[in-house]
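Structural characterization, general
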Amino acid sequence: MPTSQRRLTISQVDVRRLVLSRQHLAGPRLPADATSLRTAFRALGYVQLDPVDVVAPSHELVLWSRLGPRAGSLFSGLWWQDRRLFEYWAHAVAVVLTEDYPIHRVSMDTYPPPNVSYTATWMAANDRLRKHVLHRLGEGAPLPTGAFEDCAVVDWASTGWTAGRNVERRSVTRRLR
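Residues numbered from 1 in each chain as written. Predicted model: local features only at pLDDT ≥ 70, side-chain atom pairs only at ≥ 80, totals over all residues. Heavy atoms only, no water.

Details of the pattern of salt bridges
Close approach of charged atoms lets side chains of opposite charge pair. For the structure on display, the rule yields seven salt bridges. Among the ionic pairs, Arg105 bridges to Asp109, the shortest N-O distance being 2.7 Å. Linking Arg105 with Asp109, this pair stays in helix 5 (residues 101-109), spanning four residues, or about one helical turn. Since its relative accessible area comes to 35%, Asp109 is described here as partly exposed. Put simply, Asp127, Arg130 and Lys131 are held in one network by salt bridges that share partners. (Salt bridge = Lys/Arg side-chain N within 4 Å of Asp/Glu carboxyl O. Helix = DSSP H or I, 4+ residues; strand = E, 2+ residues; numbered from the N terminus. Buried < 20%, exposed > 50% of the residue type's maximum accessible area, 1.4 Å probe, protein only.)

Shown next, in the form of structure tokens:
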């Protein structure tokens, strides 16, 4: 059988070991520094932001499990001061490496799909919110979503977690200016 057609056989135990080690959950802990945090992000692809924080915000737990207690301050510094991270709808609301921006730009350029009339209707009804978000962003400082006033006239309709989350919807529908 030609080399290109040979089947690789690997045990379930080895697969588990490989997955855990490649995600930096097994083996030596990464050093608690900015380089290692970026290494963890490269291995994971993104870190999902989740509003549920019974113990701590989920993104902090994900990074803490790989880098230890300094992960939160390193994360904050890379995101807000160094701007090596940015928030994007990668799978869900997530933080991704700024170096991966070209990868995400493809989906940014095609969002929203042209056949989604609800988004355009919602944006037209909430022009004041649109202007407010653009004005705040124009001030130049990076801002978390909570820094924006929800001045929507019509709530975002959804059967999921995004119901009524108007400011977040404005962030992902920014191309409809």
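Structural notes on a nonpolar patch on the surface
Together, Ile10, Val15, Leu18 and Val19 make up a nonpolar patch on the protein surface, roughly 320 Å² of accessible area in all. Mapped onto the fold, Leu18 is located in helix 1 (residues 12-22). Leu18 gets classed as partly exposed once you look at its relative accessible area, which sits at 46%. (Patch = residues over 30% accessible without salt bridge, like charges linked within 9 Å, V, L, I, M, F, W, Y side chains within 5 Å. Areas by Shrake-Rupley, 256 points an atom, 1.4 Å probe, with all protein chains shown as cover.)

Digging into the nonpolar core
One finds Leu37, Phe41, Leu63, Phe75, Leu85 and Val95 to be the most contacted residues of the largest nonpolar core, which totals 16 residues. Contributions of two or more residues to this core are made by helix 2 (34-44), helix 3 (58-67), helix 4 (71-81) and strand 3 (93-97). The greatest single-element share of this core, amounting to five residues, is contributed by helix 4. For Leu85, the residues in contact, after removing those within four places along its chain, are Phe41, Phe75, Leu78, Trp79, Val95, Val96, Leu97 and Thr98. The next biggest cluster of nonpolar side chains, apart from the first, holds eight residues, and it includes Met123, Leu129, Val133 and Val167. (Core = buried A, V, L, I, M, F, W, Y, C linked by side-chain atoms within 4.5 Å. Contact = heavy atoms within 4.5 Å.)

Re the packing of aromatic side chains
When we look at a pair of aromatic rings, we describe it by the centre distance and by the angle of the planes. The full count for this structure, using the stated rule, is five aromatic pairs. Taking 4.7 Å as the distance between ring centres and 20° as the angle between the ring planes, the aromatic pair formed by Trp79 and Trp80 counts as stacked. Relative to Tyr88, the ring of Phe86 has its centre 6.3 Å away and its plane inclined at 45°; by these criteria the two rings are tilted. Per residue, the accessibility class of Phe86 equals that of Tyr88, and both read buried. (Phe/Tyr/Trp six-rings, centres within 6.5 Å; stacked < 30°, edge-to-face > 60°.)

A word on the confidence of the model for the protein
Low-pLDDT portions of the prediction should not be read for the details of their coordinates. Mean pLDDT over the protein: 84, with 85% of residues reaching 70 or higher. Looking over the protein, one finds the lowest element-wise mean pLDDT in helix 8 (residues 166-172), namely 59, and the highest in helix 2, namely 95. The model gives residues 172-177 a pLDDT under 50, and that stretch makes 17 contacts with residues more than four places away or in other chains. (pLDDT = per-residue confidence, 0-100.)

Considering helix 6 (residues 117-125)
For helix 6, the complete set of buried residues consists of Thr119, Trp122 and Met123. Taken down its axis, helix 6 places every buried residue within 100° of arc, on the same side. Exposed side chains of helix 6 directed beyond 90 degrees from the buried face belong to Ser117, Thr121 and Ala124. (Arc of directions from axis to C-beta.)

Topic: helix 2
Every buried residue belonging to helix 2 is among Ser36, Leu37, Arg38, Ala40 and Phe41, and all of these are buried. Summarising the contacts, the buried residues of helix 2 are in contact with strand 1 (47-48), helix 3, helix 4, strand 2 (85-89) and strand 3. Sitting at the amino-terminal end of helix 2 is Asp33, which places a side-chain oxygen 3.3 Å from the backbone nitrogen of Thr35. At the C-terminal side of helix 2, Gly45 shows a positive phi close to 90°. (Polar contact = N/O pair within 3.5 Å; in protein donor to acceptor, adjacent residues only side chain to side chain.)

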